[in-house]
Amino acid sequence: QVQFVESGGGLVQPGGSLRLSCAASKSIFSINTMGWYRQAPGKEREVVARMTIGGTTIYADSVKGRFTISRDNAQNTVYLQMNSLKPEDTAVYYCNSWPINRSAWGQGTQVTASS
């Protein structure tokens, strides 16, 4: 059973950048679509970016043009480059397959964009 471990979050000023990493406990070659999700306080978890093994990417409108998802299948790692961060991007960020694997959620990594 695959497990995901997220890292790379932190406190950044609005307009700043962060790069998140997601390490999988086993190969992600068999996972067609990987995604990054986030959950802000008092809100439901939402998907912000997805990437197929073929390289097709889909982004939520709120992050389009600012976030970039990538995956290194050989290293079993998925990345999320976040630029021009806004206070409304503040949330705990998670990775998972899409559709989600409920037993694979990690602890997430906190991203806070605040001055």
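All residue numbers here refer to positions counted from 1 along the written sequence of the relevant chain. Only residues with pLDDT of at least 70 are given local features in this predicted model, and only at 80 or more are side-chain atom pairs given and counted; all residues enter the totals for whole chains, interfaces and linings. The side-chain values count all of the structure's non-hydrogen atoms but skip hydrogen atoms and water molecules.

*Asks:* Which residues make up the overall build of the protein, and what values go with them?
*Replies:* Labels follow the DSSP assignment, with helices taken as runs of H or I lasting at least four residues and strands as runs of E lasting at least two, numbered in each case from the N terminus. On a plain count of helices and strands, the protein comes out with zero helices and 10 strands. Along the protein, from the amino end to the carboxyl end, the secondary structure elements read β-β-β-β-β-β-β-β-β-β. Working definition: with a 1.4 Å probe on protein chains only, accessible area under 20% of the residue-type maximum means buried, over 50% means exposed, and in between means partly exposed. By the burial criterion, 43% of the 115 residues in the protein qualify as buried. Only heavy atoms matter for contacts: two residues are in contact if any of them lie within 4.5 Å across the pair. For the protein, restricting intrachain contacts to residue pairs at least 6 apart in sequence, the fraction spanning at least 24 positions comes to 55%. When the accessible surface of the protein is totalled, it reaches about 6000 Å², and 49% of it is carbon and sulfur. A positive count includes Lys and Arg, and a negative count includes Asp and Glu. His and the chain ends are not counted in either. For the purpose of locating charges, the reference atoms are NZ of Lys, CZ of Arg, CG of Asp and CD of Glu. Of note, the protein has its 11 positive side-chain charges centred 4 Å away from the centre of its 7 negative side-chain charges. Throughout, the Shrake-Rupley method with a 1.4 Å probe supplies accessible areas, and for residues the shown protein chains are the sole cover considered.

*Asks:* Provide a residue-level description of the state of the cysteines, including the pertinent values.
*Replies:* Sulfur atoms of two cysteines make up a disulfide when they are within 2.5 Å. With the rule as written, the count across this model stands at one disulfide. Between the sulfur atoms of cysteine 22 and its disulfide partner cysteine 95 the distance amounts to 1.8 Å. On the S-S bond that ties cysteine 22 to cysteine 95, the torsion sits near 50 degrees, and the link is right-handed. Residue cysteine 22 is located in strand E3 (residues 18–24), and its partner cysteine 95 is located in strand E9 (residues 91–97); the two are separated by 73 residues in the primary sequence. Judged on exposure class, the residue cysteine 22 and its partner cysteine 95 are both buried.

*Asks:* Help me get a handle on the pattern of salt bridges, residues and values and all.
*Replies:* We define a salt bridge as a side-chain nitrogen of Lys or Arg found within 4 Å of a carboxyl oxygen belonging to Asp or Glu. Using the criterion set out here, one finds four salt bridges in the structure. Between arginine 38 and glutamate 46 there is a salt bridge, and its shortest N-O distance comes to 2.8 Å. Taking the relative accessible area as the measure of exposure, arginine 38 reaches 6% and is therefore buried. Overall, glutamate 46 belongs to the partly exposed group, its relative accessible area being 34%. Here lysine 64 makes a salt bridge to aspartate 61, at a shortest N to O gap of 3.0 Å.

*Asks:* A description of the packing of aromatic side chains should follow, citing residues and the corresponding values.
*Replies:* Between the rings of Phe, Tyr and Trp (Trp by its six-membered ring), a pair exists once the centres lie within 6.5 Å; its type follows the angle of the planes, with under 30 degrees stacked, over 60 edge-to-face, and the other angles tilted. Within this structure, the stated rule accounts for two aromatic pairs. Taken together, a centroid distance of 5.3 Å and an interplanar angle of 80 degrees make the contact between tyrosine 37 and tryptophan 105 edge-to-face. Residue tyrosine 37 is located in strand E4 (residues 33–39), and its partner tryptophan 105 is located in the loop between E9 and strand E10 (109–113); the two are separated by 68 residues in the primary sequence. Their ring planes at 80 degrees and their centres at 5.7 Å tell us that tyrosine 94 and tryptophan 105 sit as a pair that is edge-to-face. In this pair, tyrosine 94 is assigned in strand E9 and tryptophan 105 in the loop between E9 and E10, connecting sequence segments 11 residues apart. In this structure tyrosine 94 comes out as buried when scored by relative accessible area, which is 11%.

In short, the description is geometric, and any link to function would need to be established separately.
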